[in-house]
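Fold and contact review
Listed below, chain by chain, are the residues.
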Amino acid sequence: MIAPDWFREDRLPHIYCTGCGNGTVLNCTLAAVEEMGWERDGTAFISGIGCSSRAPGYILADSLHTTHGRALAFATGVKMARPDLNVVVFTGDGDLAAIGGNHFIHACRRNVDMTVVCMNNQIYGMTGGQGSPTTPEGAFSTTTPYGSSEPAFDLAELAVAAGANYVARWTSYHVKELTKAITTGMQTPGLAFIEVRTQCPTNFGRHNKLRRVPDMIEYLRSHAMLVSKYDRLVREGAEIPEGTFSVGELVRRKRPAMGVKQ
Ligand code: SF4
């Protein structure tokens, strides 16, 4: 159940489709906030545009619902002006990696002290199911009716390469692991990036033979491989089953960071 102290019940009913994974991610994030013991007056939630970015509207705290792709730019400004605040960003794969792609890599490079939770549903959900930078090769969307011909971005690996101090990836199936990862990210000074593979039954599932919500969740569960095993298979040149992705903690380090509380 969502942490009652942080939830705006007066905003119900929410806009998410039945079976959407975004509510689970919101729940895990607020559980992590409670675990951290953060105060409402000392915490700001920031988002761009998309289904994921509606999340701050359901939280009883200050928030900025900004323009498409610019959540990290606004969040950086907030952190520079008020380093005493805890800053949490909700974003999606289209918002973060397409329109906001440069903000993403530079926020990681600067290692701005914030927690970025990306709900990666591998599609543009809110605008009708167009292909995004994380739509898998061969997957169907309204803009890839014959299957995507492009390779997908690996957002977590991108954050590692760009310099974020903490990077993890889980799915909306892995509720406990995800909550723990977000909590660890919040405890780590610098930019913490947590990618969450989530189900979008409405715009990804129904185009890709995963119309039923349990099928989508089972797909996420069965295609997730612990990063230690995944990396070993890559090193050994072993064949990795199609659609498999790594989960777990990809990096935790102590690069110099911007905007850390003194
Ligand atoms: Fe969730 Fe997809 Fe519906 Fe958006 S379109 S609310 S991501 S199920």
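Residues numbered from 1 in each chain as written. Predicted model: local features only at pLDDT ≥ 70, side-chain atom pairs only at ≥ 80, totals over all residues. Heavy atoms only, no water.

Let us look at the layout of surface pockets. By volume, the largest pocket is sized at about 750 Å³. Along the wall of the largest pocket there are 27 residues; nearest its centre are Q122, P136, E137, Y219 and G243. If you list the elements that add at least two residues to the lining of the largest pocket, you get α7 (213-223) and β8 (245-252). Of the residues assigned to the lining of the largest pocket, the class counts are eleven nonpolar, ten polar and six charged. (1 Å grid on protein atoms, 1.4 Å probe; cavity = no way out; pocket = protein on both sides within 12 Å on 5 of 7 lines; lining within 4 Å. Points joined across faces, edges and corners; volume = space filled by probe spheres on them. Helix = DSSP H or I, 4+ residues; strand = E, 2+ residues; numbered from the N terminus. Nonpolar A, V, L, I, M, F, W, Y, C, P; charged D, E, K, R; others polar.)

Attention shifts here to the packing of aromatic side chains. Here the structure, examined in full by the defined rule, presents four aromatic pairs. Measuring from ring centre to ring centre gives 6.2 Å for W6 and F45, while their planes differ by 75°; the resulting arrangement is edge-to-face. Of this pair, W6 sits in the segment before α1 (22-36) while F45 sits in strand β1 (residues 43-47), and the two are 39 residues apart along the sequence. Counting every residue linked through ring pairs, the aromatic cluster contains W6, F45 and F90. The cationic tip of R40 hangs over the ring face of W6; the distance from NZ or CZ to the ring centre is 5.9 Å. (Phe/Tyr/Trp six-rings, centres within 6.5 Å; stacked < 30°, edge-to-face > 60°. Lys NZ or Arg CZ within 6 Å of the ring centre and 35° of its normal.)

Turning next to the sheet that holds strand β7 (residues 224-226). Strands sit in the order β2-β1-β3-β4-β6-β5-β8-β7 across an open sheet of eight strands; the sheet is mixed. Unpaired on one side and paired on the other, β2 (62-65) and β7 mark the two borders of the sheet. Across the sheet, the axes of successive neighbouring strands diverge by a mean angle of 20°, strand direction being ignored. Strand direction decides the pairing type here: strand β3 (residues 86-92) and strand β4 (residues 114-120), joined by five bridges, are parallel. (Pairing = 2+ DSSP bridges. Axes fitted to C-alpha atoms, helices over the stretch in contact; angles between N-to-C directions.)

Scanning all chains against the criterion turns up one cavity of 30 Å³ or more. What the largest cavity holds in volume is close to 60 Å³.

We now examine the site of the ligand. Every residue near the ligand is listed here: Y16, C17, C20, C51, N121, G125, C200, P201, T202 and N203. Its residues assigned to classes, the shell around the ligand comprises six nonpolar, four polar and no charged. (Near = heavy atom within 4 Å.)

It is worth spelling out the nonpolar core at this point. W6, F45, I59, F90 and I182 are the most contacted members of the largest nonpolar core, which totals 33 residues. Looking at this core, the elements that each hand over two or more residues are α1, β3, β4, β5 (166-171), α6 (175-187), β6 (191-197) and β8. Ranked by residues supplied to this core, first place goes to α1 with six residues. Within the second largest apolar cluster, 28 residues are counted, among which are A71, L85, V87 and A107. (Core = buried A, V, L, I, M, F, W, Y, C linked by side-chain atoms within 4.5 Å. Buried < 20%, exposed > 50% of the residue type's maximum accessible area, 1.4 Å probe, protein only.)

Right, let's get into the UniProt feature "domain: Thiamine pyrophosphate enzyme TPP-binding" (unreviewed entry) in the protein. UniProt's feature table lists "domain: Thiamine pyrophosphate enzyme TPP-binding" (unreviewed entry) at residues 49-196, given in the numbering used throughout. Annotated as 33% helix and 20% strand, the span residues 49-196 places its first and last C-alpha atoms 17 Å apart. (UniProt positions renumbered as here; feature names shortened; annotations may be inferred.)

Moving on to the packing of helix α4 (residues 101-110) against helix α5 (residues 155-162). One way to put it is that α4 packs onto α5 with a least axis distance of 8 Å and a crossing angle of 45°. For the element pair α4 / α5, the angle class is oblique. As α4 packs across α5, the resulting crossing turns out to be right-handed. In this structure, α4 contributes F104, I105, C108 and R109 to the contact, and α5 contributes L155, L158, A159 and A162. (Parallel < 35°, antiparallel > 145°, perpendicular 65-115°, else oblique. Left-handed = near helix turned anticlockwise from the far one by under 90°. Contact = heavy atoms within 4.5 Å.)

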